[in-house]
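Each chain, written out:
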Amino acid sequence: MKKNILAIIGSASSNSSNLRLVEQIALLSGNSLNIEIYEGLQDLPHFNPALSVDQPPEAVQLIRQKIEQADGILICTPEYIFSIPSGLKNLLEWCVATTIFAQKPTGLITASSNGAEGHRELTRIMQTIDAKFTADTSLLINGIKSKIDLNGNLREALKNQLIQFINNLKKMVDEATRHKTF
Ligand SMILES: Cc1cc2nc3c(=O)[nH]c(=O)nc-3n(C[C@H](O)[C@H](O)[C@H](O)COP(=O)(O)O)c2cc1C
């Protein structure tokens, strides 16, 4: 059965190479993964700890539910000013008081001009909220704009990396769903 992956794209740009990357991942994964792209990142209210536990806003409840229900999560993001973009950080802050990421199979992609600092930060945050990922489901892609064009055509080497990444993520999701107790 197809596994459901929720993709969260950190870019604030409508013409995002990270978005194109996720679209190509969806195509390359063929019939093995069903990838839903979360489109509400820019509309999430600013994190407010006073509301997070007892009165989370509707949009926050919705994304928490989507994360909880997905078999796996894919975060694909650029680096902004040596960090993760504020919209993505905001979403993750809304998740800190919950356990929705605990042992959730997760793929982490930072696709940026450089991206090393942002990827390190993303890795640390996702460890802190106990997401399940390994080096095999984590990918840093630098020089992204020279590796994917506006139509989504990928450089061959990146395409091969993505195929491997998809297989690794699928394996992790399959193993986690096999061990799930109901
Ligand atoms: C506000 C802003 C800050 C950026 N800061 C960095 C940075 O610190 N490191 C980096 O590698 N790229 C940085 N970039 C460039 C982005 O990585 C690059 O434009 C990338 O393609 C954006 O991804 P996207 O096409 O999915 O939006 C920055 C871009 C913006 C808009």
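So, a few notes on the structure that sits alongside this text. (Residues numbered from 1 in each chain as written. Predicted model: local features only at pLDDT ≥ 70, side-chain atom pairs only at ≥ 80, totals over all residues. Heavy atoms only, no water.)

1. Some remarks on the side chain of N18
Phase 1 of the analysis: Tracing the backbone shows N18 in helix α1 (residues 17-28).
Phase 2 of the analysis: The exposure class assigned to N18 is buried, which follows from its relative accessible area of 2%.
Phase 3 of the analysis: At 3.1 Å, the side chain of N18 and the backbone oxygen of A111 are in polar contact.
Phase 4 of the analysis: With residues up to four places along the chain from it excluded, the contact list for N18 reads I9, C76, T77, P78 and A111. (Helix = DSSP H or I, 4+ residues; strand = E, 2+ residues; numbered from the N terminus. Buried < 20%, exposed > 50% of the residue type's maximum accessible area, 1.4 Å probe, protein only. Polar contact = N/O pair within 3.5 Å; in protein donor to acceptor, adjacent residues only side chain to side chain. Contact = heavy atoms within 4.5 Å.)

2. Considering the site of the ligand
Phase 1 of the analysis: Around the ligand, the structure places 16 residues, and the nearest of them are S11, S17, E79, S112 and N114.
Phase 2 of the analysis: At a separation of 2.6 Å, an oxygen atom of the ligand approaches a polar side-chain atom of S16.
Phase 3 of the analysis: In the environment of the ligand, an oxygen atom lies 3.3 Å from a nitrogen or oxygen atom belonging to the backbone of G115.
Phase 4 of the analysis: Look at the ligand: alone it shows 620 Å² of surface, and the protein chains cover 72% of it.
Phase 5 of the analysis: Split by residue class, the shell around the ligand holds five nonpolar, nine polar and two charged. (Near = heavy atom within 4 Å. Areas by Shrake-Rupley, 256 points an atom, 1.4 Å probe, with all protein chains shown as cover. Nonpolar A, V, L, I, M, F, W, Y, C, P; charged D, E, K, R; others polar.)

3. Focus on the sheet that holds strand β3 (residues 72-77)
Phase 1 of the analysis: Strand order in the open sheet made by the five strands is β2-β1-β3-β4-β5, with parallel pairing throughout. Either end of the sheet is taken by a strand with one partner, and the two such strands are β2 (33-37) and β5 (138-141). Averaged over all adjacent pairs, the angle separating strand axes in this sheet is 20 degrees, with direction ignored.
Phase 2 of the analysis: Pairing analysis gives five bridges linking strand β1 (residues 3-9) to β3, with the strands arranged parallel. (Pairing = 2+ DSSP bridges. Axes fitted to C-alpha atoms, helices over the stretch in contact; angles between N-to-C directions.)

4. Looking at the pairing of strand β4 (residues 106-111)
Phase 1 of the analysis: Taken across its six residues, β4 has six buried, putting it largely inside the fold.
Phase 2 of the analysis: Residues of β4 alternate between two faces, with T106, L108 and T110 on one and G107, I109 and A111 on the opposite face, all of them buried.
Phase 3 of the analysis: Bridge count between β3 and β4: five bridges; the pairing is parallel. Within β4, the residue paired with T77 across the bridge is T110.
Phase 4 of the analysis: Handedness of the β3-helix α4 (residues 86-95)-β4 crossover: right-handed.
Phase 5 of the analysis: The sheet contact formed by β4 and β5 spans four bridges and is parallel. Residue L108 lies in a different strand from β5, and its bridge partner there is S138.
Phase 6 of the analysis: Traced from β4 through helix α5 (residues 116-128) to β5, the parallel crossover comes out right-handed. (Right-handed = clockwise from strand over helix to strand, strands pointing away.)

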